[in-house]
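Residue-level listing of the chains:
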Amino acid sequence: MSTTSDDGAETAESIRSRHREAADDVVPEHTQLYIGGEWQDAASGETFDTLNPTTGEVLASVARGGEADVDRAVEAARDAYDEEWSETSRAERQAILTEIADRVEEHQEELATLETLDNGKTLMEARIDVEGVAEQFRFFAGATNSRSGHTRDEPGVHGEVIREPYGVVGQIIPWNFPLAMASWKLAPALAAGNCSVLKPAEQTPLSVLRFLEIVDDVVPDGVVNVVTGYGEEAGDPLSRHEGVRKLAFTGSTAVGKQIMRNAAENVTDVTLELGGKSPIVVHADADPEEAVGVIAMAIFANTGECCEAGSRLFVHEDVAEPILEGLIGAAEGMTVGDPLKEETDVGPKVSQEQVERTMRYLESAKEGGATFLAGGDAPDDEALAGGCFVTPTLVEGLDHDHEAVQEEIFGPVLEVFRWDDYDEMMELANDVDYGLAGGVITNDLELADRTARDIEAGYIWVNTWHEMSPGLPYGGYKQSGIGRELSVETLDYYTQAKSVKYGLE
Ligand code: ADP
């Protein structure tokens, strides 16, 4: 089969054929539910298709889990907890998490390719994700020893505080960082001594399934269970299950609120990592070239599909011209295309539904009087017509209370605001329901510190973006969430305190 047109240029067919070939090597053999260490069909026998967003082709059919499957998975997790996992020592859990990290590293390229096929992120981005997965397991392998109970003693008083795992935790994850989000959930839950029932997003179930094939003989049966399926069919019963004592969710704020309502039925503890609309504050002293690099990364990495994306730019008047000029050049200079190719900067969005969502906001921005400085449409390239592509977009001139500014677009769309009065600017920067992240670009340490403190958000970057090191807690203020991940204190969110008081005569 010819993979390129006569003149050697990329065609839709050449992309499809590259992707089919890659899929043959990496799509997992098992696309069923993983319960009690076994691959099982859904009780209904039904499946759903997961699509490749670059080509629109079906990658695999996956078991469509429902309530009966969630029941089985919770039971398997409970049995594993009661019979084995609750008896494991920290050292044993540490060894298992370390072995998982090793296996992930051994399979890095394969897992990254699978992530690219199912999600659309570039291979370079997927490789970074998989490195981060291994890092998570390694970090929490070490962290198992960092948290412990304590004693309370004084004359006539002796008591101890034991930290106990919840037993079975329910974990629901999104599609933007499929395997990375699984690792953010599984590593601390297992390190703290829990068993998990994990529900991947319906758009991107494959990397988690392949991961389980790879670690199947490392993790005792029933300690990790995966129920693939749709949110309302598999996620909803998981979040209402009375056998689940802790829920951890990453996804949209709307669904997070629903999970919280469901959790209320059984008074189940919740950790939520939700949406964001993060401000990037650029001070007058910023170096324009460096600022452009940080801003482009903040909004265009992962095709803008990051909760922590910097999506509102507040640039000081004095440096607005060179920075906007640089950003237009950066946006227009990015290679949008096949995410399997090393030279691609921006891959497709995860699904047609997500493209439509972005386009709806752009339409609304146009009606709201926005000026499009760059992008705003699909790339003008026949070869990409079958995929979910959107060009990197810069928008200026919207009122800050416009819905396209207030709501999370989750695409490569940056909204620009110029400022010269710090207090007025900061009022706007904080005038959203979200508070996940923010950032400041300046070479003045005092300004950096002041702005970092003024932004109402859980994670602030100074002269960089997206970098997250295990050990620095990650989580939201306001409607961006509850709880913290990525750090030793995450273990506290996966355990509960029990006080034991001794009667002393
Ligand atoms: P997005 O809007 O970006 O697709 P969602 O918040 O809808 O993100 O999805 C994140 C995760 O939540 C996915 O695994 C999805 O299946 C799940 N989910 C969606 N709706 C529900 C629900 N009603 N109950 C539980 N889980 C849900």
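Residues numbered from 1 in each chain as written. Predicted model: local features only at pLDDT ≥ 70, side-chain atom pairs only at ≥ 80, totals over all residues. Heavy atoms only, no water.

Could you clarify how one ought to interpret the domain arrangement of the chain in this entry?
Here the chain is partitioned into domain 1 (13–274 + 483–497) and domain 2 (278–469). Taking only C-alpha atoms into account, the centre of domain 1 sits 30 Å from that of domain 2. Contact with domain 1, which involves 30 residues of that partner, is made by 31 residues of domain 2. Both faces combined, the contact of domain 1 with domain 2 buries some 2,300 Å², and carbon together with sulfur accounts for 59% of it. Of all residues in domain 1, Pro53, Thr122 and Trp175 give up the largest surface area on contact with domain 2, accounting jointly for 21% of the area buried on that side. At the surface where domain 1 touches domain 2, the tally comes to 2 salt bridges. Secondary structure elements with two or more residues in the side of domain 1 that touches domain 2: helix 1 (12–26), helix 4 (108–119) and helix 5 (123–143). Element by element, the count of residues in the side of domain 1 that touches domain 2 is highest for helix 4, at 5 residues. Here the residues of the side of domain 1 that touches domain 2 are counted per class, giving 10 nonpolar, 13 polar and 7 charged. (Domains from an automatic or database assignment. Contact = heavy atoms within 4.5 Å. Buried area = accessible area lost by both parts, 1.4 Å probe. Salt bridge = Lys/Arg side-chain N within 4 Å of Asp/Glu carboxyl O. Helix = DSSP H or I, 4+ residues; strand = E, 2+ residues; numbered from the N terminus. Nonpolar A, V, L, I, M, F, W, Y, C, P; charged D, E, K, R; others polar.)

Can you help me understand the site of the ligand in this one?
Surveying the vicinity of the ligand reveals 16 residues, the closest of which are Ile173, Trp175, Lys199, Glu202 and Ser252. Between the ligand and Glu202, the relevant distance is 2.6 Å, taken from an oxygen atom to a side-chain nitrogen or oxygen of the residue. A distance of 3.2 Å separates an oxygen atom of the ligand from a polar backbone atom of Gly231. When isolated, the ligand has an accessible area of 550 Å², and the protein chains bury 84% of it. (Near = heavy atom within 4 Å. Polar contact = N/O pair within 3.5 Å; in protein donor to acceptor, adjacent residues only side chain to side chain. Areas by Shrake-Rupley, 256 points an atom, 1.4 Å probe, with all protein chains shown as cover.)

Looking at this model, I keep getting lost on the sheet that holds strand 16 (residues 413–419). Mind explaining?
The strands that make up a sheet are held in pairs by hydrogen bonds between backbone atoms, and each pair lies either parallel or antiparallel. With respect to topology, 7 strands assemble into an open sheet ordered 14-15-16-13-12-18-19, the strand pairing being mixed. Single-partner strands in this sheet number two, and they are strand 14 (371–374) and strand 19 (459–462). Shown here is a sheet whose adjacent strand axes are inclined to one another by a mean of 25°, direction ignored. One ladder, built from 5 bridges, connects strand 12 (residues 278–282) with strand 13 (residues 310–316); its direction is parallel. Bridge pairing in strand 13 links Val282 to Val315. (Pairing = 2+ DSSP bridges. Axes fitted to C-alpha atoms, helices over the stretch in contact; angles between N-to-C directions.)

Just to check I follow, could you spell out the packing of aromatic side chains for this structure?
By convention here, two paired aromatic rings are described through the distance between centres and the angle between planes. Across all of its chains, the model carries 11 aromatic pairs by this definition. When the ring of Trp419 is compared with that of Tyr422, the centres are 6.1 Å apart and the planes differ by 70°; the resulting orientation is edge-to-face. Across this residue pair, the class does not change: Trp419 and Tyr422 are buried. Grouped by ring-pair contacts, the aromatic residues Trp184, Tyr459, Trp461, Trp465 and Tyr474 constitute a single cluster. When the ring centre of Tyr494 is taken as origin, the NZ or CZ atom of Lys246, which lies over that ring, is 5.4 Å away. The ring centre of Phe372 lies 5.4 Å from the NZ or CZ of Lys366, which sits over that ring. (Phe/Tyr/Trp six-rings, centres within 6.5 Å; stacked < 30°, edge-to-face > 60°. Buried < 20%, exposed > 50% of the residue type's maximum accessible area, 1.4 Å probe, protein only. Lys NZ or Arg CZ within 6 Å of the ring centre and 35° of its normal.)

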